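This is what each chain is made of:
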Amino acid sequence: MLKGNKIVSSFIRGLTWESLPPAVQQQAKLCSLDLLGAIIAGSLARGSKVLAGQALEHWPGDAATLLLFNARAALPGAVLANAFSANALDIDDGYRPIKGHPGAIVFPAVLAAAEKKGASGKEFLTALVVAYEVAIRAGIAWHDYHAEYHGSGSWGSLGAAAGVARILGLQEREIIHALGTAEYHAPIMPMMRCIDYPAMTKDGIAWGAMVGTVSALLAGAGYTGIPSLLGMDEYRHLVDSLGREYLILNLYFKPYACCRWAQPAVTAALELREKHRLDPSDIERIIVRTFEAATRLWLKPPANTEEAQYNMAYPVAAALVAGEVGPRQVLDEHLQNGEILALAERVVSVKDEWLDRQFPEKCLCQLKIVLKDGRELSSGVVGAIGDLDNPLGVEGIEQKFTWLAAHVYSEAGIAKIKKLVWELDKLDDLRPLIDVLRSPESI
């Protein structure tokens, strides 16, 4: 086996909670809280209900909980359903250089495996860090190796395999085979086609999480796989930094339920709305200057949640009308708001060469609002909230969780989940948290 793969395997097996810097320990809990908020609110989406039903029908079992659905399934089915919920509202974390979302893939896989194994909270968090670190590095290697921009489920499958392998206690060769199997069977997803034709396929996150989970299970049973890209010499620098550089600290967190590429424009719209106390009926036209990839986002009226998320006009209009872009704006049952749809018709997006050169390192836009009285309001260059240079911070992520969870839970339920997440490293097993997340009625 290639030496790089052995180094990765050693990291997966050897990392301890106590060896992690305090900032990484806190980040693991923050990621957990952020993703639970996404899953709780995401469970309301139509796609989440479809996958939960399919998991119960085709993957019956008692291994892990379908979060919020008060049911259990075999491990692959539970991971598939929970991972879809994590990304259902497109409000999960991301890593800018790979233009994708590691958390929604690895968190549901590690959580379900930890529930099945009866792992402690400390072991769950350690495996979660392992999964993030492997997933992000796999994403960097994957995008360098492959010419086309692939969705997160491709490279993220390796992170899921790594985290589940850690929970299951796989040995070195088994881990190497798990990573190679996850990579070889990873869904190959031409991401820009999903931008052009939004659908529940989205970023392939649910499938990547399931593939990674099944790959670890297969490896533990003796199934063999090819060496993964992380074993190649050209990616040795990514491998050698494991345990010394924690890329989980460089995540961004999303405050709005839409594609990250539209979020600078949403931020700009909200800032102008507050500054000028805008009445949407006074707006004649909205011009979004942005990078080329973002101009591929839809401007058409959405017929479903996915079309609302992979859209530029709809979330900008929703921000100006409602002052937020969340479940009450993007879920199917809320897409017929006449005021939002009318304003969305006045939005255009234009490629800006300078802004395009900043992408993907930076996600920026300029927003101009032309009023019916002839005045023009400009945002200047605006970046997305939640990036490293404009972080949400602990308080912001807690507020985001409360906002999302309030669509399902009472104040008491929200407080209980927060407390359990912040005390995860003190739990002997995850049953107290899982019991609360089984369904809102379980509190």
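The structure this text deals with has already been given above.
Residues numbered from 1 in each chain as written. Predicted model: local features only at pLDDT ≥ 70, side-chain atom pairs only at ≥ 80, totals over all residues. Heavy atoms only, no water.

Novice: An account of the sheet that holds strand β4 (residues 347-351) is requested, with residue identities and associated values reported.
Specialist: With respect to topology, four strands assemble into an open sheet ordered β4-β3-β5-β6, the strand pairing being mixed. Unpaired on one side and paired on the other, β4 and β6 (376-383) mark the two borders of the sheet. Across the sheet, the axes of successive neighbouring strands diverge by a mean angle of 15 degrees, strand direction being ignored. Relative to strand β5 (residues 364-371), strand β3 (residues 283-290) runs antiparallel, the two sharing six bridges. Counted as the bridge partner of Arg 285 is Val 370 from β5. Its contacts with the sheet place helix α12 (residues 263-276) against β3, β5 and β6, and it is angled at close to 135 degrees to β6. (Pairing = 2+ DSSP bridges. Helix = DSSP H or I, 4+ residues; strand = E, 2+ residues; numbered from the N terminus. Axes fitted to C-alpha atoms, helices over the stretch in contact; angles between N-to-C directions. Contact = heavy atoms within 4.5 Å.)

Novice: So, the packing of aromatic side chains: which residues are in play, and what are the values?
Specialist: How two aromatic rings sit relative to each other is set out by the distance from centre to centre and by the angle between their planes. Scanning the entire structure with this criterion turns up four aromatic pairs. Relative to Phe 124, the ring of Phe 107 lies with its centre 5.8 Å away and its plane at 75 degrees, an arrangement referred to as edge-to-face. Linking Phe 107 in helix α5 (residues 103-117) with Phe 124 in helix α6 (residues 121-145), this pair joins segments that are 17 residues apart in sequence. Each member of the pair, Phe 107 together with Phe 124, is buried. Between Trp 261 and Phe 291 the ring centres are 6.2 Å apart and the planes differ by 80 degrees, which places this aromatic pair in the edge-to-face class. With Trp 261 in the loop between α11 (236-240) and α12 and Phe 291 in the loop between β3 and α13 (305-309), this pair connects stretches of sequence that are 30 residues apart. You can call Trp 261 buried: its relative accessible area is 6%. In this arrangement the basic side chain of Lys 300 is found over the ring face of Trp 298, its NZ or CZ atom lying 3.9 Å from the centre. (Phe/Tyr/Trp six-rings, centres within 6.5 Å; stacked < 30°, edge-to-face > 60°. Buried < 20%, exposed > 50% of the residue type's maximum accessible area, 1.4 Å probe, protein only. Lys NZ or Arg CZ within 6 Å of the ring centre and 35° of its normal.)

Novice: Summarise the side chain of His 150; cite the residues concerned and give the values.
Specialist: Looking at where His 150 falls in the secondary structure, it is placed in the loop between α6 and α7 (152-168). Only 3.0 Å separates the side chain of His 150 from the backbone oxygen of Glu 148, close enough to count as a polar contact. Apart from residues lying up to four places away in sequence, His 150 is in contact with Trp 142, His 143, Trp 155, Ile 188, Met 189, Pro 190 and Met 191. (Polar contact = N/O pair within 3.5 Å; in protein donor to acceptor, adjacent residues only side chain to side chain.)

Novice: Give me the nonpolar core: which residues, what numbers.
Specialist: Counting 166 residues, the largest nonpolar core has Phe 124, Trp 261, Ile 369 and Ile 417 as its most contacted members. Among the elements that make up this core, the one with the highest residue count is α6 (14 residues). Those residues in contact with Ile 369 that lie beyond four places of it in its chain are Leu 272, Leu 278, Ile 283, Arg 285, Ile 286, Leu 320, Arg 375, Glu 376 and Leu 377. (Core = buried A, V, L, I, M, F, W, Y, C linked by side-chain atoms within 4.5 Å.)

Novice: I'd like a rundown of the environment of Pro 108, residues and numbers included.
Specialist: Take Pro 108: it is sitting in helix α5. Look at Pro 108 and you get buried, because its relative accessible area is 2%. For Pro 108 and Asn 82, which are 26 residues apart along the polypeptide, the C-alpha to C-alpha distance reads 5.8 Å. With residues up to four places along the chain from it excluded, the contact list for Pro 108 reads Val 79, Asn 82, Ala 83, Ala 86 and Gly 103.

Novice: Hey, could you go over the pattern of salt bridges for me, with residue numbers and the actual values?
Specialist: As enumerated under the stated definition, the model contains 20 salt bridges in all. Notably, a salt bridge pairs Glu 133 with Arg 137, separated by 2.6 Å at the nearest N-O pair. Of this pair, Glu 133 and Arg 137 both sit in helix α6, four residues apart, which is roughly one turn of the helix. Neither Glu 133 nor Arg 137 differs from the other in exposure class; each is buried. For the salt bridge of Glu 376 with Lys 368, the shortest nitrogen-to-oxygen distance reads 3.7 Å. (Salt bridge = Lys/Arg side-chain N within 4 Å of Asp/Glu carboxyl O.)

Novice: Tell me what's going on with empty space enclosed by the protein, and back it up with residues and numbers.
Specialist: What the rule picks out here adds up to one cavity of 30 Å³ or more. Space inside the largest cavity adds up to approximately 150 Å³. In terms of lining, the largest cavity is formed by 16 residues, of which the most central are Lys 99, His 101, Tyr 149, Cys 259 and Trp 261. Among the residues forming the lining of the largest cavity, the class breakdown is seven nonpolar, three polar and six charged. (1 Å grid on protein atoms, 1.4 Å probe; cavity = no way out; pocket = protein on both sides within 12 Å on 5 of 7 lines; lining within 4 Å. Points joined across faces, edges and corners; volume = space filled by probe spheres on them. Nonpolar A, V, L, I, M, F, W, Y, C, P; charged D, E, K, R; others polar.)

Novice: Give me the lowdown on the state of the cysteines, citing residues and values where you can.
Specialist: Considering all chains together, one arrives at zero disulfides under this definition. The thiol of Cys 259 is unpaired, and the distance to the nearest cysteine sulfur, on Cys 258, comes to 7.1 Å. A disulfide-free cysteine, Cys 363 has its sulfur positioned 7.7 Å from the sulfur of Cys 259, the nearest such atom. A relative accessible area of 1% places Cys 363 in the buried class. (Disulfide = S-S within 2.5 Å.)

Novice: Summarise helix α8 (residues 172-184); cite the residues concerned and give the values.
Specialist: Counted at 1.5 Å a residue, the expected span for α8 with its 13 residues is 18 Å, and the 18 Å between its end C-alpha atoms agrees. On its buried face, α8 sits against α1 (3-14), α6, α7 and α10 (205-220). (Expected span 1.5 Å × (residues − 1).)

Novice: Before we move on, can you summarise unusual backbone geometry with the specific residues and values?
Specialist: Residue Pro 360 is bonded to the preceding Phe 359 through a cis peptide linkage, with omega at 10 degrees. Along the chain, Pro 360 turns up in the loop between α17 (353-358) and β5. You will see that Lys 99, though not glycine, has its phi angle at about 50 degrees, which is positive. Residue position: Lys 99 is located in the loop between α4 (75-87) and α5.

Novice: Please provide a residue-by-residue account of the packing of helix α2 (residues 22-42) against α5, values included.
Specialist: One way to put it is that α2 packs onto α5 with a least axis distance of 10 Å and a crossing angle of 90 degrees. By the angle between their directions, the pair α2 and α5 is classed as roughly perpendicular. Residue-level contacts link Ser 32, Leu 35, Leu 36 and Ile 39 of α2 to Gly 103, Ala 104 and Phe 107 of α5. Residues that form the contact of α2 with α5 fall into these classes: five nonpolar, two polar and no charged. (Parallel < 35°, antiparallel > 145°, perpendicular 65-115°, else oblique.)

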